[in-house]
Amino acid sequence: MPDLAEKLRAELGPNYSVSQEIGGGGMSRVFLARDSSLDRDVVVKVLRTSLAAAVSAERFRREIMVSAGLQHPNIVPVLSAGAIDSVPFFVMPYVRGESLRARMERGPLSIRETISIMRDVARGLAMAHERRIIHRDIKPDNILLSGGAASVTDFGVAKAVSDSRRGGDNPQGSTMTGVGISLGTPAYMAPEQAAADPHLDHRADLYSLGIVAYEMLAGAPPFHGRSAQAVLSAHLTERPKPIRSRRYDVPGPLVALIESCLEKEPAQRPRTAAEIVRALETIDVSSGAFSAATDRLRREWRRYVPHAILAILMIAAVAWGLGGGEPEAPATVPAASVAPPRPAMSLAVQPIRAIGGDARTAAVAEGLTAELAARLSQVPGFRITSGERAGAADSMAASSPLPSAREAELIVDGTVRQERNRLRASVRIVSVRTDSTSWAGVYEGSTDSVFAFQSRIAEAASAALRGVRPGG
């Protein structure tokens, strides 16, 4: 349909001026237009002809207008609907910002961002589910970010396409799922949706939200990299890899909530989206990154310190009772009975990578690498080297050789990104022996305070390293 824009202009009438095509997804082509009657921009989404051939334009219009009654700050409403040469289209407000998909292409989100977006989406879902409207296609492409808030778009489109299938004009509403065709996006489908269950309910949306949350934190959905059919099969039979195995700074309550959304059985998921909202509001988001190593150290400290204090008091009491005065100097312990000190643990600091190729970002990354190496070298029990020297001879290390990255037991690496005057760094400590992340953190800062930004990250990494048992 090469003259689709012209046909849209004719169909929409004089109050709308169609300016340009701005992209689209698997279901539709998207055009930007201006509604002069209300002085606002709108988007017009036209079903792709391959999909439109299988649906009734009139039934689609009736079905999609059901979602027009959804008035909520976290839902992008449908304004109107129609057809061009039997090809359905619908009109929605234009949201200035970006999709969650575009945001995630720049890297995993912070814990605070993830919780905020999950909460906004769940609020929109809660309102729609109260009206018994299921989205059926929750995914990053259908979540828009603008003004610090998230909103869900294309509500009801999947169901409208499904229920407007040609030949399905019976009173009950014939659906594609009723004949074994599941409509949606494989990576985000609930098991019951992947199985084309015609009786799926609102909890399918909660599963999809769990997948989106998993991707926001881990950088990819659970079964990424497989064929569409293999992904659908995995939704039915496999448990996703634990989030903590892919990112260690995720708070336990958030992990538990996402995992409950990803239960295979709908009855084992949260009962409603409102329940998810309430759970998210109870999760404490600290200013620093969560560290499994420091958290473990804190628990051990609380466990053993009271016993150590009691032992010291008992020894002091015995010494006072036996000595009756100043304690004698301790006897010399034979050297053979003294346990040899543990060897220092080798750690390589890899160059922090600058994402985007900007020279200023590269300078920040280089400075952060130096700051990490300097700060971590002060932690007792570790030998530090720069990853840039991995495998290379170092004439200055002849008397006290430093390990290369290939020989290191721990490796520190990470990335830095810059958007306008904002910086984001992701840094982790990886155990080479177990091929697992011992600690990871995501930090945000401003280009106006680069030194403070670098120092804060290095200090957090240093604190985390102190929780790693040298030689263990």
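All values derive from a computational prediction rather than experimental measurement.

### Let's talk about unusual backbone geometry
Now for step 1: Not every positive phi belongs to a glycine, and Asp 39 is a case in point at roughly 55°.
Now for step 2: Tracing the chain through its elements places Asp 39 in the loop between strand 2 (28–35) and strand 3 (40–47).
Now for step 3: Residues other than glycine seldom take positive phi values, yet Arg 132 does so here, at roughly 60°.

### A few points about the side chain of Asp 413
Now for step 1: Tracing the backbone shows Asp 413 in strand 12 (residues 410–419).
Now for step 2: A distance of 2.9 Å separates the side chain of Asp 413 from the side chain of Arg 428, its partner in a polar contact.
Now for step 3: Sequence-distant contacts of Asp 413, that is, excluding residues within four places in its chain, are made with Gln 350, Ile 352, Ser 426, Val 427 and Arg 428.

### As for the environment of Glu 419
Now for step 1: Following the sequence through the fold, Glu 419 ends up in strand 12.
Now for step 2: For Glu 419, a relative accessible area of 36% puts it in the partly exposed group.
Now for step 3: Separated by 28 residues in the primary sequence, Glu 419 and Thr 447 place their C-alpha atoms 9.7 Å from one another.
Now for step 4: Side chain to side chain, Glu 419 and Arg 106 meet in a polar contact 3.2 Å long.

### Quick word on the packing of helix 10 (residues 252–261) against helix 11 (residues 273–281)
Now for step 1: Axis separation between helix 10 and helix 11 bottoms out at 10 Å; the angle between their running directions is 165°. With respect to helix 11, the axis of helix 10 lies roughly antiparallel. Note that helix 10 runs across helix 11; the crossing there is left-handed. Residues Leu 254, Leu 257 and Cys 261 of helix 10 touch helix 11, and the partners they reach there are Ile 276, Ala 279 and Leu 280.
Now for step 2: Tallied by class, the residues present in the contact of helix 10 with helix 11 amount to six nonpolar, no polar and no charged.

### Here's the deal with helix 10
Now for step 1: Those residues of helix 10 that fall on the buried side of the exposure criterion are Leu 254, Val 255, Leu 257, Ile 258, Ser 260 and Cys 261.
Now for step 2: If you follow the buried residues of helix 10, they end up packed against helix 5 (111–130), helix 8 (203–218) and helix 11.

### Some points on the nonpolar core
Now for step 1: In terms of nonpolar packing, the biggest core is built from 50 residues, with Leu 100, Ile 117, Met 118, Met 216, Leu 254, Ile 258 and Ile 276 touching the most fellow members.
Now for step 2: Secondary-structure elements contributing two or more residues to this core are helix 4 (100–104), helix 5, strand 7 (143–146), strand 8 (149–152), helix 8, helix 10 and helix 11.
Now for step 3: Counting residues per element, this core draws most heavily on helix 8, at eleven residues.

### Structural notes on the sheet that holds strand 8
Now for step 1: Here three strands make up an open sheet; going across it, the order is 6-7-8 and the pairing antiparallel. Only two strands of the sheet have a single partner each, and these edge strands are strand 6 (98–99) and strand 8.
Now for step 2: The pairing of strand 6 with strand 7 spans two bridges and is classified as antiparallel. Bridge pairing in strand 7 places Glu 98 opposite Leu 145.
Now for step 3: Lying over the sheet, helix 5 contacts strand 7 and strand 8, oriented at roughly 40° with respect to strand 8.

### Looking at helix 11
In an α-helix, one full turn covers 3.6 residues, which means residues spaced three or four apart are oriented alike.
Now for step 1: Of the positions making up helix 11, those classed as buried are Ala 273, Ile 276, Val 277 and Leu 280. Down the axis, helix 11 shows its buried residues gathered within 100° of arc, on one side only.
Now for step 2: As for helix 11, its buried residues are in contact with helix 5, helix 8 and helix 10.

### Quick look at the pairing of strand 14 (residues 436–446)
Now for step 1: The buried count for strand 14 comes to nine of eleven residues, which makes it a mostly enclosed element.
Now for step 2: As paired elements, strand 13 (residues 422–431) and strand 14 share ten bridges and run antiparallel to each other. Paired with Val 427 across the bridge in strand 14 is Gly 441.
Now for step 3: Here strand 13 folds back onto strand 14, and the loop between the two strands holds four residues, one of which, Asp 435, carries a positive phi near 55°.

How each quantity is defined
- Residues numbered from 1 in each chain as written.
- Predicted model: local features only at pLDDT ≥ 70, side-chain atom pairs only at ≥ 80, totals over all residues.
- Heavy atoms only, no water.
- Helix = DSSP H or I, 4+ residues; strand = E, 2+ residues; numbered from the N terminus.
- Polar contact = N/O pair within 3.5 Å; in protein donor to acceptor, adjacent residues only side chain to side chain.
- Contact = heavy atoms within 4.5 Å.
- Buried < 20%, exposed > 50% of the residue type's maximum accessible area, 1.4 Å probe, protein only.
- Axes fitted to C-alpha atoms, helices over the stretch in contact; angles between N-to-C directions.
- Parallel < 35°, antiparallel > 145°, perpendicular 65-115°, else oblique.
- Left-handed = near helix turned anticlockwise from the far one by under 90°.
- Nonpolar A, V, L, I, M, F, W, Y, C, P; charged D, E, K, R; others polar.
- Core = buried A, V, L, I, M, F, W, Y, C linked by side-chain atoms within 4.5 Å.
- Pairing = 2+ DSSP bridges.
- Arc of directions from axis to C-beta.

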